[in-house]
Amino acid sequence: MAFADVLEQVGGTGRFQALHVVLLSAPMLLAASHNLLQNFAAAVPVHRCRAPANLSRLALDARGRPAPCHRFAPPRWNRSHNGSDPGLEACRDGWEYDLSEMSSTVITEWDLVCDLRSLKQMGQTIYMGGVLVGAGVFGSLSDRFGRKWLMLSAHLLLAVSGTCAAFSPTFPAFCVFRFVCGMALSGIMLNSFSLTLEWIPTRVRTLIGMGTGYCYTIGQLILAGVAYVIRDWRWLTLAVSVPFYVSFLYSCWLLESARWLVVNGQTDVAVRNLQQVARINGRKEECNKINSEMLQAAMQKEISSTKSSHTALDLLRTPGMRRMTAFLSCAWFSTSFAYYGLSMDLQKFGVGIYLIQVIFGAVDIPAKLLIMATMSTLGRRPSLSGALTFAGTAVLANLLVPHDLQTLRTCLAVLGKGCLAASFQCCYLYSAELYPTVIRQNGMGWVSMMARLGAMVAPLVQLLGEFRFFLPGLIYGGAPVVSGIIAAFLPETLAVALPDTIQDVEERAQGQKAAKAPPKKEELVLKEVKHSLLKEAI
């Protein structure tokens, strides 16, 4: 008997699993709100220099609109020309903003325009840096101290840091608190997903993985609605942070992963948790059948493999793990890199910021339905490879479309974003199935760090457009195509049991298959009967 059989014994898809998945997935509705918050909190409104009192004439740009970063200088007496010489100068008295869409943003609060416009991208890069650091910290610590308590601390940390960010007195303070928000959000997502995965049976992993992924999709639509109602960046930041106080409180009653408990020598606690699951699922008669001896016998192989401690170095120690980690790192980096490259500058599409946010969120619905179908039929490997390749191709195709065809350019961007959302969904499930239980969080933490590294670099790549307009699109599109080709060399995990040890991964990498279980007595009798009937027929 393996742990999967024990889980089925107490109810693999009962009331406990349903409640567990719902409670863990609810905070994911606001994950997108923090990741994409800058689209609204740091929106750049139309602006122009505030003209001095003695000058009513405004400087105009090439399109005949008020210049955003220059103004006519006050009249000066020019002796050589015996008249006035206004000239142009940088804005000295601040800016006037069009506040018809947002009553207040980070940009208007601290005048992050013109010479300071790069600070907007820097702020998002700092936030994603926090997500990167959080992936490494929370991923490593949760393998040592458990999924539940690290997830709890991340919920509280996000609630507090988000509240502090909403009342930041300066832009540097805002960036610091957003960095902490990124760390906490990474810890929530990693531990929630692993805690969900380790309490459900193999046969529903794809369905549950897709369901939790849709929480992020719905969250994008929620963000558009909340931002439409709350037009002040401080109150908007507070609105998407306060709900995490609630999730922190109810998460105290969630159960730690029984898989992790057994593997880390806490078998008695795992027994109590499994007995509680059996009671919730209406299988009280199974409570007395579960004991420490049975669990230790069921997971003897896994327990023996954990006598030596595991660290993040095990991700690269053996050939199979090294190859798998390298390929997954490429897939996660390029997916996140291109995804946030498209999603974090919605104002460039020439469509209302609230409408384009809804469109970008809604496209994930059919994209994830399609990837769900392909993952369940064709497999995880072709699904990931295909999603990355199609996404990169759509972004590269946009480089060939004239800027005047704004509708076509937006459609191609939406198509690419949908493929990247599908790739993200596949990455989460696929990576969790590839890494073994003993270092699953280390593995998920590492690839998540690669994703956040891509998200950190993405805003900075947009600055290259000031030198060559085609460079951002070329880089955003080229990375997914290359990674899609690399992903084709990963092992398939469709309908395969979760690996628990590094040895399981190496055996799979070497093409070794576990010996088939001996046929049951009834199967042997049936086979003999069929053989006799066949002989009589001949």
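What counts and how
- Residues numbered from 1 in each chain as written.
- Predicted model: local features only at pLDDT ≥ 70, side-chain atom pairs only at ≥ 80, totals over all residues.
- Heavy atoms only, no water.
- Helix = DSSP H or I, 4+ residues; strand = E, 2+ residues; numbered from the N terminus.
- Buried < 20%, exposed > 50% of the residue type's maximum accessible area, 1.4 Å probe, protein only.
- Contact = heavy atoms within 4.5 Å.
- Areas by Shrake-Rupley, 256 points an atom, 1.4 Å probe, with all protein chains shown as cover.
- pLDDT = per-residue confidence, 0-100.
- Axes fitted to C-alpha atoms, helices over the stretch in contact; angles between N-to-C directions.
- Parallel < 35°, antiparallel > 145°, perpendicular 65-115°, else oblique.
- Left-handed = near helix turned anticlockwise from the far one by under 90°.
- Nonpolar A, V, L, I, M, F, W, Y, C, P; charged D, E, K, R; others polar.
- 1 Å grid on protein atoms, 1.4 Å probe; cavity = no way out; pocket = protein on both sides within 12 Å on 5 of 7 lines; lining within 4 Å.
- Points joined across faces, edges and corners; volume = space filled by probe spheres on them.
- Salt bridge = Lys/Arg side-chain N within 4 Å of Asp/Glu carboxyl O.
- Phe/Tyr/Trp six-rings, centres within 6.5 Å; stacked < 30°, edge-to-face > 60°.
- Core = buried A, V, L, I, M, F, W, Y, C linked by side-chain atoms within 4.5 Å.
- Patch = residues over 30% accessible without salt bridge, like charges linked within 9 Å, V, L, I, M, F, W, Y side chains within 5 Å.

### Remarks on the overall build of the protein
Next up, step 1: Within the protein, the secondary structure is distributed over 25 helices and six strands.
Next up, step 2: Buried residues in the protein amount to 53% of all 538 residues.
Next up, step 3: Put simply, of all contacts in the protein between residues at least 6 apart along the chain, 79% involve residues at least 24 apart.
Next up, step 4: For the protein, the exposed area adds up to about 24400 Å²; of that, 65% sits on carbon and sulfur atoms.

### Some thoughts on the confidence of the model for the protein
Next up, step 1: Considering every residue of the protein, the mean pLDDT works out to 79; 83% of them sit at 70 or more.
Next up, step 2: Mean pLDDT across the elements of the protein ranges from a minimum in helix H25 (residues 521-537), with 41, to a maximum in helix H10 (residues 233-239), with 93.
Next up, step 3: Confidence drops under pLDDT 50 across residues 79-85; counting only partners more than four residues distant or on other chains, this segment forms eight contacts.

### What about the packing of helix H21 (residues 406-434) against helix H22 (residues 440-462)?
Next up, step 1: Following both chains from N to C, one finds H21 and H22 inclined at 155°, their axes separated by 10 Å at the closest point. As far as their axial angle goes, H22 and H21 are roughly antiparallel. Here H21 and H22 pass one another in a crossing that is right-handed. Residues Phe-424, Tyr-428, Ser-431 and Ala-432 of H21 form the contact with H22, whose participating residues are Arg-440, Met-444, Val-447 and Arg-452.
Next up, step 2: Partitioned by chemical class, the residues of the contact of H21 with H22 number five nonpolar, one polar and two charged.

### A short note on the side chain of Gln-357
Next up, step 1: Mapped onto the elements of the fold, Gln-357 is located in helix H18 (residues 353-362).
Next up, step 2: Its relative accessible area of 1% is what places Gln-357 among the buried residues.

### Notes on empty space enclosed by the protein
Next up, step 1: Under the defined criterion, the tally for this structure stands at six cavities of 30 Å³ or more.
Next up, step 2: Met-189, Thr-212, Gly-213, Tyr-216 and Tyr-428 are, among the 20 residues lining the largest cavity, the residues nearest its centre.
Next up, step 3: At the level of elements, helix H2 (15-25), helix H8 (171-197), helix H9 (205-229), helix H17 (319-343) and H21 are the ones that each hand at least two residues to the lining of the largest cavity.
Next up, step 4: Per-class residue counts for the lining of the largest cavity are ten nonpolar, eight polar and two charged.
Next up, step 5: The calculated volume of the second largest cavity comes to roughly 100 Å³.
Next up, step 6: Gln-38, Ala-42, Gly-123, Gln-124 and Phe-174 are, among the 15 residues lining the second largest cavity, the residues nearest its centre.
Next up, step 7: Looking at the lining of the second largest cavity, the elements that each hand over two or more residues are helix H4 (38-41), helix H5 (106-110), helix H6 (118-145) and H8.

### Focus on the pattern of salt bridges
Next up, step 1: Under the counting rule described, the total for this entry stands at five salt bridges.
Next up, step 2: We note a salt bridge from Lys-417 to Asp-364, for which the minimum N-O separation is 3.0 Å. Of this pair, Lys-417 sits in helix H21 while Asp-364 sits in helix H19 (residues 364-377); the two residues are 53 residues apart in sequence, bridging distant segments of the chain. Grouping residues by exposure puts Lys-417 and Asp-364 together as buried.

### Remarks on the packing of aromatic side chains
Next up, step 1: For the structure on display, the rule yields 16 aromatic pairs.
Next up, step 2: Summarising the aromatic geometry, the rings of Phe-337 and Tyr-476 are spaced 5.0 Å apart at their centres and angled 55° between planes, so their arrangement reads as tilted. With a gap of 139 residues between them, Phe-337 in helix H17 and Tyr-476 in helix H23 (residues 471-487) connect regions that are remote in the sequence. Tyr-476 shares its class with Phe-337; the two are buried.
Next up, step 3: Every member of this aromatic cluster is reached through a ring pair, and the members are Phe-193, Trp-332, Tyr-339, Tyr-340, Phe-424 and Tyr-428.

### Things to note about unusual backbone geometry
Next up, step 1: Its identity as a non-glycine residue notwithstanding, Asp-111 has a phi of 55°, on the positive side.
Next up, step 2: Note that Asp-111 resides in the loop between H5 and H6.
Next up, step 3: Look at Asp-111 and you get partly exposed, because its relative accessible area is 26%.

### Concerning the nonpolar core
Next up, step 1: Membership of the largest hydrophobic core comes to 111 residues, with the highest contact counts inside it found for Trp-332, Tyr-340, Leu-384 and Leu-490.
Next up, step 2: Take this core: its biggest share by element is 14 residues, from H21.
Next up, step 3: If sequence neighbours within four positions are ignored, Leu-490 has contacts with Met-324, Phe-327, Leu-328, Arg-381, Leu-384, Tyr-430 and Leu-434.
Next up, step 4: Core analysis: the next-biggest nonpolar cluster, separate from the first, contains 20 residues, Trp-260, Leu-261, Val-271 and Ile-290 among them.

### Regarding a nonpolar patch on the surface
Next up, step 1: Judged by side-chain polarity, Leu-464, Phe-467, Phe-469, Phe-470, Leu-474 and Ile-475 come together as a nonpolar surface patch covering roughly 580 Å² of accessible area.
Next up, step 2: Along the chain, Ile-475 turns up in helix H23.

### A short note on the packing of H8 against H21
Next up, step 1: The N-to-C vectors of H8 and H21 enclose an angle of 60°; their axes lie 11 Å apart at closest approach. Taken together, the axis directions place H8 and H21 in an arrangement best described as oblique. Judged by the sense of rotation from one axis to the other, the crossing of H8 with H21 is right-handed. Counted together, Met-189, Phe-193 and Leu-197 of H8 and Tyr-428, Leu-429 and Ala-432 of H21 form the full contact between these two elements.

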